[in-house]
Amino acid sequence: MVQTRLGDGSTIEMTEEEIKADIERGIEDAVDRAKVDPLSEDEIEKLTDIYTRPSKFVSVETGNELVLTFDEGSVKLKRLAVSIGRIPDLQIYERVFCSDTAELAHVDYSFKPVKPIVAEEQIEMEQALLSTVLPIYYGAMPNLSLYSQPDGAFPNPAELLPKGKIKEAREAYEGMMEHAIKDMVYVGSKMYEAGADGINFDTTGSAGEPDFLATLKATEKLKEKYPDISIEMGMSGEFVLGMHGDLEYDGTNLAGLYPHQQVKMAEKAGVDVFGPVVNINSSETIPWNIGRTVTMMKACAEASDIPVHANVGMGVGGVPIVETPPVDSLSRASAALAEIGKQDGL
Amino acid sequence: MVISHALASGMGGVRTAGDLVARMQMTRNMRLDEAKEYVAGKLGVDVKELTDPVIMDEVREELNIGRVQPGAGNAKGMEAKFNIAKLLDIKINSVEKFKSKTS
């Protein structure tokens, strides 16, 4: 028997045959939902090998390492109740964690709340850049929901839709998008002018396809304004929710797109690094979850012309949905996505 | 989580050549293999040596592009980025800003 876990993090034991069967079931689910090719028999064998090894920790073979980007890095140590400023935090990412990039971010991790304090963010970025070597992103979430009442100016689509007010809800989304684009371009411009190596639109699409479209348009505008700016777009879920229902980008309806389709929209807008997400099903086993994760991520990497960095953390990318991700599951997901999922980074 | 990823699959950042490969992905959209080959070519090492901390520490010291444990007199922070921009033949935004404020 081999020890593994459920998606909720609890420990279970399975035979090697059961693990392989669950990986195959996960692959079938990915093929069925995303309409992508399944993994080959060789890839299934390799994935089964990674998930049936008795060791606590698994790593890639030498030479198969990839680039690591981290969202919201500069506030993560603070979240652990470590009394630390953001610049020392970034220096720890560089020289202790040996991360390949880092990200300056505000505790209220959305573009809208950053807008009134962007001057302070610029100063912090300027000072961080003087004392670090690795590339530093400025990151925040598009978070379109902040633009509807009671937080924002527009009627709340979540209240309008149940009342059947489809037209009014769509108009609200369109207004929210306009404001969100302005904030993303404003903050992105300021942080690029402060010297940031790139801007990370993290958790894109969390409010459905209006959120995704707003971020694509903000990317276009920033690229037009600063042709050398580097944009990373990290997604919020594997499937773009259709909250508006009639929004297109370059002739493609955005609702319902899976990672291998999302990345093509991101490329058209000018995104430089794309971060796809595949969610965890907490009731299924980790072998089932990794089967579907690697299948969708590999399809995304193969469809892409730009670097793809899968999101692999709490509740996404084959990692249980817990605050303390177990190293057995996390290291296996990390290695599997590098070696079978054909990722350029994580 | 950061440490687990770094050990399981990470390139090693400034300890090796991870920051340099990342820069080629960010500035030129290079996929992983292309970025590694480009950086290895510029550093004069084999691709497999890019993640060897013993070799890369010597290379980084010789090229003065920042080390994980920089000694006195070694380029640090912005100084190292000036040398990285020249070595990789890329524009680094903060380096350009620094030049515009000081020259």
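Structure's up top.
Report follows, based on the coordinates. (Residues numbered from 1 in each chain as written. Chains lettered and ligands numbered in written order. Predicted model: local features only at pLDDT ≥ 70, side-chain atom pairs only at ≥ 80, totals over all residues. Heavy atoms only, no water.)

## Examining the overall build of chain B
In step 1: Scanning chain B for helices and strands turns up six helices and zero strands.
In step 2: Mapped from its N terminus to its C terminus, chain B presents α and β elements in the order α-α-α-α-α-α.
In step 3: In terms of overall size, chain B behaves like a compact globule, its C-alpha atoms giving a radius of gyration of 14 Å where 103 residues would be expected to give roughly 13 Å.
In step 4: Dimensions of chain B, computed from C-alpha atoms along their principal axes, come out at roughly 45 × 35 × 30 Å.
In step 5: In chain B, which comprises 103 residues, the proportion classed as buried is 51%. (Helix = DSSP H or I, 4+ residues; strand = E, 2+ residues; numbered from the N terminus. Rg over C-alpha atoms; globule rule 2.2 N^0.38 Å. Buried < 20%, exposed > 50% of the residue type's maximum accessible area, 1.4 Å probe, protein only.)

## Details of the packing of helix α2 (residues 41-52) of chain A against helix α12 (residues 327-339) of chain A
Residue and element names in this part refer to chain A.
In step 1: Two numbers describe how α2 lies on α12: the axes approach to 10 Å, and their chain directions differ by 160°. Here α12 runs roughly antiparallel to α2, going by the angle between their axes. The interaxial crossing formed by α2 with α12 has right-handed handedness. In this structure, α2 contributes K46, L47, I50 and Y51 to the contact, and α12 contributes S329, R332, A333, A336 and E339.
In step 2: For the contact of α2 with α12, a count of residues per class yields five nonpolar, one polar and three charged. (Axes fitted to C-alpha atoms, helices over the stretch in contact; angles between N-to-C directions. Parallel < 35°, antiparallel > 145°, perpendicular 65-115°, else oblique. Left-handed = near helix turned anticlockwise from the far one by under 90°. Contact = heavy atoms within 4.5 Å. Nonpolar A, V, L, I, M, F, W, Y, C, P; charged D, E, K, R; others polar.)

## Notes on the pairing of strand β5 (residues 198-204) of chain A
In step 1: Of all seven residues that make up β5 of chain A, six are buried, and the element is covered over most of its length.
In step 2: Taken together, β5 of chain A, helix α9 (residues 209-225) of chain A and strand β6 (residues 230-235) of chain A constitute a β-α-β crossover, and its handedness is right-handed. (Right-handed = clockwise from strand over helix to strand, strands pointing away.)

## Overview of the environment of D37 of chain A
Residues and elements named next belong to chain A.
In step 1: The residue D37 is located in the loop between α1 (16-34) and α2 in this model.
In step 2: Placed 278 residues apart in sequence, D37 and G315 show a C-alpha to C-alpha distance of 24 Å.
In step 3: Excluding residues within four positions of it along the chain, D37 makes contact with V31 and T295.

## Some details on the sheet that holds strand β3 (residues 102-104) of chain A
By way of backbone hydrogen bonds, the strands of a sheet pair with one another, either parallel or antiparallel.
Residues and elements named next belong to chain A.
In step 1: On the basis of which strands lie adjacent, the open sheet formed by five strands has the order β3-β4-β5-β6-β9 and parallel pairing. With partners counted over all chains shown, the strands left at the sheet margins are β3 and β9 (273-275), one partner each. Neighbour to neighbour, the strand axes of the sheet diverge by 30° on average, direction disregarded.
In step 2: Both strand β4 (residues 136-140) and β5 contribute to a ladder of four bridges, which runs parallel. Bridge pairing links G139 to N200 in β5.
In step 3: Along the sheet, helix α8 (residues 166-193) contacts β3, β4 and β5; its crossing angle with β5, the most-contacted strand, is approximately 145°. (Pairing = 2+ DSSP bridges.)

## Here we look at α2 of chain A
Residue and element names in this part refer to chain A.
In step 1: For α2, which comprises twelve residues, the first-to-last C-alpha distance of 16 Å matches the rise-based estimate of 16 Å (1.5 Å per residue) to within 8%.
In step 2: Those residues of α2 lying buried are E43, I44, L47, T48, I50, Y51 and T52.
In step 3: Contacts from the buried residues of α2 go to β1 (2-5), α1, α11 (286-303) and α12. (Expected span 1.5 Å × (residues − 1).)

## Brief notes about unusual backbone geometry
Glycine aside, residues mostly have negative phi angles, and peptide bonds mostly take the trans form.
In step 1: Residues Q149 of chain A and P150 of chain A are joined by a peptide bond in cis, for which omega reads 10°.
In step 2: Along the chain, P150 of chain A turns up in the loop between β4 and α7 (157-160).
In step 3: For K35 of chain A, which is not a glycine, the phi torsion comes out positive at approximately 55°.
In step 4: With respect to the element layout, K35 of chain A can be found in the loop between α1 and α2.
In step 5: Accessibility expressed as a relative area gives 63% for K35 of chain A, which makes it exposed.
In step 6: Even without being a glycine, N64 of chain B presents a positive backbone phi close to 55°.
In step 7: Positionally, N64 of chain B belongs in the loop between α4 (53-63) and α5 (77-88).

## Points about the interface of chain A and chain B
In step 1: Contacts between the two partners involve 58 residues from chain A and, on the opposite side, 45 residues from chain B.
In step 2: Summed over both partners, the interface of chain A with chain B buries about 4,000 Å², with 61% contributed by carbon and sulfur atoms.
In step 3: Linking chain A with chain B are three salt bridges.
In step 4: Between D344 of chain A and R31 of chain B there is a salt bridge, and its shortest N-O distance comes to 3.0 Å.
In step 5: Taken together, the connections running from chain A to chain B amount to 28 residue pairs in polar contact (both at pLDDT 80 or more).
In step 6: Taken together, the elements giving at least two residues each to the side of chain A that touches chain B come down to α4 (86-95), α6 (118-130), α8 and α12 of chain A.
In step 7: Counting residues per element, the side of chain A that touches chain B draws most heavily on α12 of chain A, which supplies five residues. (Buried area = accessible area lost by both parts, 1.4 Å probe. Salt bridge = Lys/Arg side-chain N within 4 Å of Asp/Glu carboxyl O. Polar contact = N/O pair within 3.5 Å; in protein donor to acceptor, adjacent residues only side chain to side chain.)

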